[in-house]
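# Coordinate inspection notes
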Amino acid sequence: MSTVIKSSIARKVVMALSGLFLVFFLALHVTINFTSVVSPDLFNTWSHFMGYNGLVQYIMQPILIAGVIVHFVMGIVLEIQNNKARTVKYVKYKGGDNASWVSRNMIVTGLVVLAFLGLHFYDFWVHEMTYKYIESSPEDPTRYYEETVMKFAPMWRTLLYVVSFVLLSLHLWHGFASSFQSMGFNNKYTPVLKKFTQAYAIVVPLVFIFIAVYHHFNPISH
Amino acid sequence: MKIYLKVWRQKDASAKGELVDYTMESVEGDMSFLEMLDILNEDLIAKGEIPVEFDHDCREGICGTCSLQINGRPHGPDRLITACQLHMRSFKDGDTIVIEPFRAKAFPVVKDLIVDRTSFERIQQAGGFISVNTSGQPVDANAIPIEKEFADKAFNAATCIGCGACVAACKNASAMLFTSAKVSQFALLPQGKVEAVERVQNMVRQMDLEGFGNCTNTGACEIECPKGISLENIARMNREYLSASLKG
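Residues numbered from 1 in each chain as written. Chains lettered and ligands numbered in written order. Predicted model: local features only at pLDDT ≥ 70, side-chain atom pairs only at ≥ 80, totals over all residues.

### What to know about the overall build of chain B
What counts, and what does not: Here a helix means four or more residues in a row that DSSP labels H or I, a strand means two or more in a row labelled E, and each is numbered from the N terminus. Counts of 20 or more other C-beta atoms within 10 Å of a residue's own C-beta define buried residues, counts of 12 or fewer define exposed ones, and intermediate counts define partly exposed ones; C-beta atoms are placed from the backbone. By the convention adopted here, residues make contact when the C-beta atoms placed from their backbones lie within 7 Å.
Scanning chain B from terminus to terminus reveals nine helices and seven strands. Across its three principal axes, chain B shows a C-alpha extent of roughly 65 × 35 × 30 Å. Relative to its 248 residues, chain B shows a buried fraction of 47%. Within chain B, residue pairs in contact and separated by at least 24 positions form 70% of the contacts whose partners lie at least 6 positions apart.

### Topic: the sheet that holds strand β2 (residues 18-24) of chain B
Residues and elements named next belong to chain B. Rule in force here: DSSP-based pairing: two strands are paired if at least 2 bridges between them are found.
Spatially, the five strands line up as an open sheet ordered β2-β1-β5-β3-β4, and their pairing is mixed. Every interior strand has two partners, whereas the edge strands, β2 and β4 (73-74), have only one. Both strand β3 (residues 68-70) and β4 contribute to a ladder of two bridges, which runs antiparallel. Following the sheet pairing, isoleucine 70 is matched in β4 by arginine 73.

### Focus on helix α9 (residues 190-217) of chain A
Residues and elements named next belong to chain A. Which entries qualify depends on this criterion: Helix span, as expected, comes to 1.5 Å for every residue beyond the first.
Taking 1.5 Å per residue as the helical rise, α9 with its 28 residues ought to reach 40 Å, and the 40 Å between its terminal C-alpha atoms agrees with that figure. Those residues of α9 not exposed but buried are Ala201, Val204, Pro205, Phe208, Ile211, Ala212 and His215. The elements touched by buried residues of α9 are α2 (8-38), α7 (144-151) and α8 (155-182).

### Quick look at the domain arrangement of chain B
Residues and elements named next belong to chain B. As a reminder of what qualifies: Where a domain begins and ends is set by an automatic assignment or by a domain database. Note on residue classes: Ala, Val, Leu, Ile, Met, Phe, Trp, Tyr, Cys and Pro are nonpolar, Asp, Glu, Lys and Arg are charged, and everything else, Gly too, is polar.
Taken domain by domain, chain B holds domain 1 (3-111) and domain 2 (118-247). On a C-alpha basis, the centres of domain 1 and domain 2 stand 29 Å from each other. In this complex, domain 1 contributes 18 residues to the contact, which on the side of domain 2 involves 16 residues. For the side of domain 1 that touches domain 2, the residue count by class is nine nonpolar, six polar and three charged.

### Concerning the packing of α2 of chain A against α9 of chain A
Residue and element names in this part refer to chain A. What counts is decided by this rule: Lines are fitted to the C-alpha atoms to define the axes, a helix being fitted only along its stretch in contact, and any angle between axes, read from their N-to-C directions, falls within 0 to 180 degrees. Just so you know how the angles are binned, under 35 degrees is roughly parallel, over 145 roughly antiparallel, 65 to 115 roughly perpendicular, and the rest oblique. Handedness of a helix crossing follows the sense of rotation of the near helix relative to the far helix, less than a right angle counterclockwise being left-handed and clockwise being right-handed.
Where α2 meets α9, the axes come as close as 10 Å, and the angle between the chain directions of the two elements is 30°. The orientation of α2 relative to α9 falls into the category roughly parallel. Both α2 and α9 take part in a crossing whose hand is left-handed. The segment α2 lies against α9, with Leu26, Ala27, Val30, Asn33, Phe34, Ser36 and Val37 engaging Val204, Val207, Phe208, Ile211 and Tyr214. Its residues assigned to classes, the contact of α2 with α9 shows 10 nonpolar, two polar and no charged.

In structure tokens:
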């Protein structure tokens, strides 16, 4: 079994599975976030459920964090191995002639998304942990909408989110379809599947961008 | 036409190489790329200099021996051909052409433009063969009907000439296209299924041991392959490997 885990193919499958898990999570995340534009009450209800439900907090959340860590660590491990596979570089290398920029720079887009996750965790996750477990503040099912909208008041944060979502889109553009190839799925359905993954790579980050920009330009007035 | 060459010169495996400039004064468009290098070498020999060493054999695009990185691409700018089938009409008067050896840790430079590709042979030796008896005991393998779809895919995979362009093109110097072609040509046929589990495990293990990089599905290998080997083979090898791992 250890031989299998060390193999290049198994490592790519780990990347693919963790990536697909994170893609599925993004769909859930964007759906809940979008309710903040449609109905503040619905957003508060969902956010409170996610914040205090035992299954979400103690099972799904650790799995999600583990998924991010596995995807990130394995990505770095593979990148280091790949760099070692060509110690002497070409003087002239026209990588753009046979492969897209996105497919050749997954580590770049991935690291930007990872850096964004740091900010995102600081903005929301650390805040939640502090509220619930350090300050032991009481449950307040109505606070989430206002807290979220307030986050997007500064232009710099909104811009950072927008840029990060563009990079996320590029990462998904190659990564989502690539994960199926890594798991051995390449047949007559692949062209249709690729179109779906590319549509997903555009629509989901675009909705995230819309939500951030919407809240920036529609602040809460007291 | 006048062509400016920048050719990688390296005395031996341990020497530090460099690009050396040469000017070719009267290159004909109908010359093959290797004929152009032959003329360069004749000129160098006439001047008492050491000729440029490069690999070549059949010069018909079928042996996979020539291995030149031409202007940043394996086998040059044209698709579905090896360097020996590239003609100088693909270039313009006054062009500068950079010629380098295929670069990969698993393809160490021997001299000038020649690289050691025996890592491919070791992958092949790890499982790229059939050792079961296929000759009439009890049924001759050639008498087993095979669906055309599978026969075509197996033969397409078998057209891989092992030139190494896939490794040279890949940003990770991955050998997945080569290995997957060799796995696929047997995996699709009944004769190859007997040893399918051991074959894919052993060949992938050897590929990893040789120090090739990981496949990140950029598709560069498929674009640069002179035989048009499809990425579908990589997916098939991934399936074969996962299936073999589950079987133990």
